[in-house]
Amino acid sequence: MLTRYPTNAPPRFHVLVKPTGATCNLDCAYCFFLSKEMLYPGSRFRMADDLLETYIRQLIEGHQTNEVSLAWQGGEPTLMGLPFFRRAVDYAEKYRRPGMTIEYTMQTNGTLLDDEWGEFLAANRFLMGISIDGPREIHDHYRYDKGGAPTFDKVMRGLDVLKRHKVDWNVLCTLHRSNADRPLDIYRFFRDDLGAEFMQFIPIVERLTAEQAAVSLDLIEPWHSWRDRPLYVQAGEIVTERSVTAAQYGNFLATIFDEWVRRDVGRVYVQMFDVALANWVGAPSGLCVHSRTCGVALAIEHNGDLYSCDHFVEPRNLLGNIRRDHLIELVASEKQVQFGRDKFDTLPGYCRECEVRFACHGGCPKDRFIHTPDGEPGLNYLCEGYKIFFHHIDEAMRFMGNELRHELPPANIMAYMAQKDAAQRKAFADVGRNDPCPCGSGRKFKQCHGIGAR
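Residues numbered from 1 in each chain as written. Predicted model: local features only at pLDDT ≥ 70, side-chain atom pairs only at ≥ 80, totals over all residues. Heavy atoms only, no water.

Draft legend 1. Here's a closer look at the sheet that holds strand 10 (residues 297–300). Ordered in space as 9-6-5-4-3-2-1-10-11-12, the ten strands form an open sheet in which the pairing is mixed. Sheet topology places strand 9 (269–270) and strand 12 (318–321) at the edges, where each strand pairs with a single neighbour. By the bridge criterion, four bridges tie strand 1 (residues 14–17) to strand 10 in an arrangement that is parallel. Counted as the bridge partner of His 14 is Ala 297 from strand 10. Packed onto the sheet, helix 2 (residues 82–95) meets strand 2 (67–72) and strand 3 (101–108) and runs at close to 160° relative to strand 3. Each of strand 4 (127–131) and strand 5 (168–175) touches helix 5 (residues 152–164); the most contacted strand, strand 4, lies at about 160° to it. (Pairing = 2+ DSSP bridges. Helix = DSSP H or I, 4+ residues; strand = E, 2+ residues; numbered from the N terminus. Contact = heavy atoms within 4.5 Å. Axes fitted to C-alpha atoms, helices over the stretch in contact; angles between N-to-C directions.)

Given below as structure tokens:
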């Protein structure tokens, strides 16, 4: 039991629970977490029932708010089976304080879902994230099972279960070298074919040390997945060929933003766009990646080990075990507090002076491994992409922010963009290919907005 509440503890925090550890029924090529099995040799990778109860009790005791998130991830959490999650809900009800709301969320590959799962998830109002990388040929490029077989059809069957039982769901799409050049194909597939209303786009950045890169060049065939490699840790200044480039990432977001801002505001929600708007109006962004500091989004393994972050499940970021120390004491520990502060304190001077730092905040520390133009270490690998995107959306974000300040719907941006596009079409109608572009760029029309025009 908690006898003394730490005075510096955050009122609310978030923990990703990994009840199966890194165990998964798929073998996605870019999944860094698969190698984390090496942290626990000989383990069965199943959270014990008494530990499940201990965790839920401590999670609720550690919150000073009446909203608590019980979030499951993996590996693949559904491998634990439905009885485990039924017990989890029972424990949450047992320890829930009067007036407290428990929010249940789960990230899944969707391949094991059936109608029994659908009934349970709907009855307990789970919010499900389902991992899909795009249409069939895109999704199956890296997301395959342990036998190397494609998974798209199995994932679609799982998604149909969620739809049939009216379970709230969103799409989590990873962006990598092979799909990031197809932004509209992916966005429109999610929106039009799947009916997705909530989307997350996560950049794949796989780091390698020089030694690991040298080993990969010596192999006859490329690494199949992280199962074939040493324990993945956040080290190295080289990235794999699968990794998205910074420019790809920025251009992907900018391209789908242009589609969204003209027709989908208020009916389709893209996490990165919501986060950006919050930062433009000075509100909490709700996402650690683009917040000034971090440290309140942790991860707990199947045996009770608590780590600083889902991306830092490695020995140097192990905070302790909740069988020995209370969860909130580890969350409020000096080690974890310093981890969160370092997000801002270690920003290079180049970042501190950047005109879009208010929106970017340096990105995730896991990706800060390149050098600034003046040679200072700690620049985010995705910096170029962040600048592309944040500069691109500035006008629209200012407009929507102004609407919010006047208690008007941000969706008014769509009418504004329609008027702007009509005026632009009119201005471009009679421009010669060699005339200056009316946009004011200083370039010839054929080299600017006239590219592709006859």
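Resuming the write-up.
Draft legend 2. Structural context of helix 16 (residues 413–428). With 16 residues, helix 16 extends 22 Å between its outermost C-alpha atoms, agreeing within 8% with the 22 Å of an ideal straight helix rising 1.5 Å per residue. Turning to helix 16, its buried residues number three or more, namely Ile 413, Met 417, Asp 421 and Phe 428. In an axial view of helix 16, the angular spread of the buried residues amounts to 70°, which keeps them on one side of the axis. Every exposed residue of helix 16 that faces more than 90 degrees away from the buried side is listed here: Gln 419 and Lys 426. (Expected span 1.5 Å × (residues − 1). Buried < 20%, exposed > 50% of the residue type's maximum accessible area, 1.4 Å probe, protein only. Arc of directions from axis to C-beta.)

Draft legend 3. Focus on the environment of Phe 312. Along the chain, Phe 312 falls in the loop between strand 11 (305–307) and strand 12. Each C-alpha atom, one on Phe 312 and one on Ala 299, is 8.7 Å from the other, the two residues being 13 residues apart in sequence. Each residue touching Phe 312, except ones within four places of it in the same chain, is listed here: Gln 234, Tyr 307, Asn 317, Phe 339, Pro 365 and Lys 366.

Draft legend 4. Local environment of the packing of helix 2 against helix 3 (residues 115–123). Running from N to C, helix 2 and helix 3 cross one another at 10°; their axes reach a closest spacing of 11 Å. On the basis of the axis angle, helix 2 is roughly parallel to helix 3. Residues Leu 82, Phe 85, Arg 86 and Val 89 of helix 2 pack against Glu 116, Trp 117 and Phe 120 of helix 3. Of the residues assigned to the contact of helix 2 with helix 3, the class counts are five nonpolar, no polar and two charged. (Parallel < 35°, antiparallel > 145°, perpendicular 65-115°, else oblique. Nonpolar A, V, L, I, M, F, W, Y, C, P; charged D, E, K, R; others polar.)

Draft legend 5. Examining the side chain of Arg 143 more closely. Structurally, the position occupied by Arg 143 is in the loop between helix 4 (136–142) and helix 5. Buried and unpaired, Arg 143 has Asp 133 as its nearest opposite-charge partner, separated by 4.8 Å. Excluding residues within four positions of it along the chain, Arg 143 makes contact with Leu 26, Cys 28, Tyr 30, Asn 109, Ser 131, Asp 133, Pro 150 and Thr 151. (Lys, Arg positive; Asp, Glu negative; His and termini not counted. Salt bridge = Lys/Arg side-chain N within 4 Å of Asp/Glu carboxyl O.)

Draft legend 6. Highlighting the pairing of strand 6 (residues 198–203). Here strand 5 runs beside strand 6; their pairing, made up of five bridges, is parallel. Residue pairing for strand 6: Thr 174 is matched across the bridge by Ile 202. Crossover handedness for the path strand 5 to helix 6 (residues 183–194) to strand 6: right-handed. Strand direction decides the pairing type here: strand 6 and strand 9, joined by two bridges, are parallel. Note that in strand 9 the partner of Met 199 across the bridge is Val 270. (Right-handed = clockwise from strand over helix to strand, strands pointing away.)

Draft legend 7. Up close: the pattern of salt bridges. Scanning all chains against the criterion turns up 26 salt bridges. Glu 93 serves as the salt-bridge partner of Arg 96, at 3.3 Å between the closest nitrogen and oxygen. Take Arg 96: its relative accessible area is 31%, and that puts it in the partly exposed class. With relative accessibility at 42%, the residue Glu 93 sits in the partly exposed group.

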